[in-house]
Amino acid sequence: MGNKIIIAIDGHSSTGKSTVARRLAKELGYVYVDTGAMYRSVTLYAMQKDLIDKEHFDSHTLIQVLSEIQIRFEINKDSGRNEVVLNGKNVEREIRSLEVSSFVSQVAAISEVRTKLVEQQQEMGEEKGIVMDGRDIGTVVFPKAELKLFMTATAKDRAERRYKELVDRGDKVTYEEVLKNVVDRDHIDSTRKDSPLKKAEDAIVIDNSNLTLEGQFEKIFEIVNNAVK
Ligand code: DC
């Protein structure tokens, strides 16, 4: 179907970016890359090495050991989904905990971390035919992407969605702490110096606060079909 393009999807936490990106990639036969999973993997590594906890963050040492961190994706044969592998171990489940979520924005604010991951992301897009989601894909990673979407929804809607996901997988969390995490991450992600979350000028905004999943897909497919023609 048409020429292969790059689709960049940015937006606030828990706006359903990955659901949209994954489904688009499937429909188009494209590769899906979840860049949040890459920042979460670096965060998990920092936690494993005791470089970050509630009281401290040794960003200096993390920068020094960055070359020890290898991140790649592998397809889960059962679900067909791309899952993240940190230094040879599949960490797809571990990186989704609220604990990782509570530290990831601090780690993602470090320029050296961003430089490393952005380079890897740009390599993944060299052949196009890719849907990538994150915070800086349309602004920094692929400023020339043929299609850019910027997804948003109210913090309350997003926290409800995230809370349900965490409870469904058996995590013991409260709605209040999930809401706080969503609001805190929005703040850190949007105000950091390096590559803050912001809408690219040419991005199309999708506010899905009042859209059903199907309504949202219909709208997005129309936009994408026009872009790949
Ligand atoms: O999409 P996510 O919630 O899994 O992302 C986790 C964190 O990683 C998010 O709070 C900010 C950071 N991130 C980023 O800074 N740049 C990206 N391209 C993707 C994620």
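See the structure shown above.
Before going into details, it helps to say that this report is about the structure given with it.

**Comments concerning the packing of helix α7 (residues 155–168) against helix α8 (residues 175–191)**
Moving on, step 1. As a packed pair, α7 and α8 sit with axes 9 Å apart at the nearest point and diverge in direction by 125°. By the angle class used here, α7 and α8 are oblique. At the point where α7 passes α8, the crossing takes the right-handed sense. Of the residues in α8, those touching α7 at Ala 155, Lys 156, Arg 158, Ala 159, Glu 160, Arg 162, Tyr 163 and Leu 166 are Tyr 175, Val 178, Leu 179, Val 182, Val 183, Arg 185 and Asp 186.

**Examining the nonpolar core**
As a rule of thumb, soluble globular proteins bury nonpolar side chains together.
Moving on, step 1. Formed by 38 residues in total, the largest nonpolar core has its most connected members in Val 42, Leu 62, Ile 69, Ile 71 and Val 113.
Moving on, step 2. Of all the elements, helix α2 (residues 35–48) adds the most residues to this core, at 8 residues.
Moving on, step 3. For Val 113, the residues in contact, after removing those within four places along its chain, are Tyr 39, Val 42, Leu 62, Leu 66 and Val 107.
Moving on, step 4. If you look at the next biggest cluster of nonpolar residues, it comprises 21 residues, including Ala 21, Tyr 30, Ile 206 and Ile 220.

**Considering the site of the ligand**
Moving on, step 1. Around the ligand, a shell composed of 15 residues is seen, among which Arg 40, Arg 114, Asp 136, Asp 189 and Arg 192 lie nearest.
Moving on, step 2. At 2.9 Å from an oxygen atom of the ligand is found a side-chain nitrogen or oxygen belonging to Arg 185.
Moving on, step 3. Look at the ligand: alone it shows 450 Å² of surface, and the protein chains cover 95% of it.
Moving on, step 4. Of all the elements in the fold, those that place two or more residues in the shell around the ligand are α2, α4 (98–108) and α8.
Moving on, step 5. With 4 residues, the top contributor of residues to the shell around the ligand is α2.
Moving on, step 6. Among the residues making up the shell around the ligand, the classes are represented as 4 nonpolar, 4 polar and 7 charged.

**Structural notes on the layout of surface pockets**
Moving on, step 1. Taken as a whole, the largest pocket encloses approximately 1,100 Å³ of empty space.
Moving on, step 2. Lining the largest pocket are 44 residues; nearest its centre among them are Ser 18, Asp 34, Arg 96, Arg 162 and Glu 165.
Moving on, step 3. Its residues assigned to classes, the lining of the largest pocket comprises 8 nonpolar, 15 polar and 21 charged.

**Quick notes on helix α1 (residues 17–28)**
An α-helix turns once every 3.6 residues. As a result, residues three or four positions apart point the same way.
Moving on, step 1. For α1, with 12 residues, the first-to-last C-alpha span of 16 Å sits near the 16 Å given by 1.5 Å per residue.
Moving on, step 2. Buried residues of α1: Lys 17, Val 20, Ala 21, Leu 24, Ala 25 and Leu 28, and no others. Angular distribution of buried residues about the axis of α1 spans 130°; they occupy a single face of the element. Summarising the geometry of α1, the exposed residues directed more than 90 degrees from the buried face are Lys 26 and Glu 27.

**Here's the deal with unusual backbone geometry**
Moving on, step 1. If you check the backbone angles, Ser 14 has positive phi at about 55° while not being a glycine.
Moving on, step 2. Topologically, Ser 14 is positioned in the loop between β1 (6–11) and α1.
Moving on, step 3. The exposure class of Ser 14 is buried, given its relative accessible area of 17%.

**Topic: the pattern of salt bridges**
Moving on, step 1. For the coordinates displayed, the defined rule picks out 17 salt bridges.
Moving on, step 2. Note that Lys 164 and Asp 168 form a salt bridge whose closest N and O atoms lie 3.0 Å from each other. Taken as a pair, Lys 164 and Asp 168 lie in helix α7 at a separation of 4 residues, close to a single helical turn. The same class applies to Lys 164 as to Asp 168, namely exposed.
Moving on, step 3. In this structure, Arg 169 and Asp 171 form a salt bridge, with 3.0 Å as the shortest nitrogen-oxygen distance.
Moving on, step 4. Among the ionic contacts, a cluster of salt bridges with common partners joins Asp 34, Glu 92 and Arg 96.

Calculation criteria
- Residues numbered from 1 in each chain as written.
- Predicted model: local features only at pLDDT ≥ 70, side-chain atom pairs only at ≥ 80, totals over all residues.
- Heavy atoms only, no water.
- Axes fitted to C-alpha atoms, helices over the stretch in contact; angles between N-to-C directions.
- Helix = DSSP H or I, 4+ residues; strand = E, 2+ residues; numbered from the N terminus.
- Parallel < 35°, antiparallel > 145°, perpendicular 65-115°, else oblique.
- Left-handed = near helix turned anticlockwise from the far one by under 90°.
- Contact = heavy atoms within 4.5 Å.
- Core = buried A, V, L, I, M, F, W, Y, C linked by side-chain atoms within 4.5 Å.
- Buried < 20%, exposed > 50% of the residue type's maximum accessible area, 1.4 Å probe, protein only.
- Near = heavy atom within 4 Å.
- Polar contact = N/O pair within 3.5 Å; in protein donor to acceptor, adjacent residues only side chain to side chain.
- Areas by Shrake-Rupley, 256 points an atom, 1.4 Å probe, with all protein chains shown as cover.
- Nonpolar A, V, L, I, M, F, W, Y, C, P; charged D, E, K, R; others polar.
- 1 Å grid on protein atoms, 1.4 Å probe; cavity = no way out; pocket = protein on both sides within 12 Å on 5 of 7 lines; lining within 4 Å.
- Points joined across faces, edges and corners; volume = space filled by probe spheres on them.
- Expected span 1.5 Å × (residues − 1).
- Arc of directions from axis to C-beta.
- Salt bridge = Lys/Arg side-chain N within 4 Å of Asp/Glu carboxyl O.

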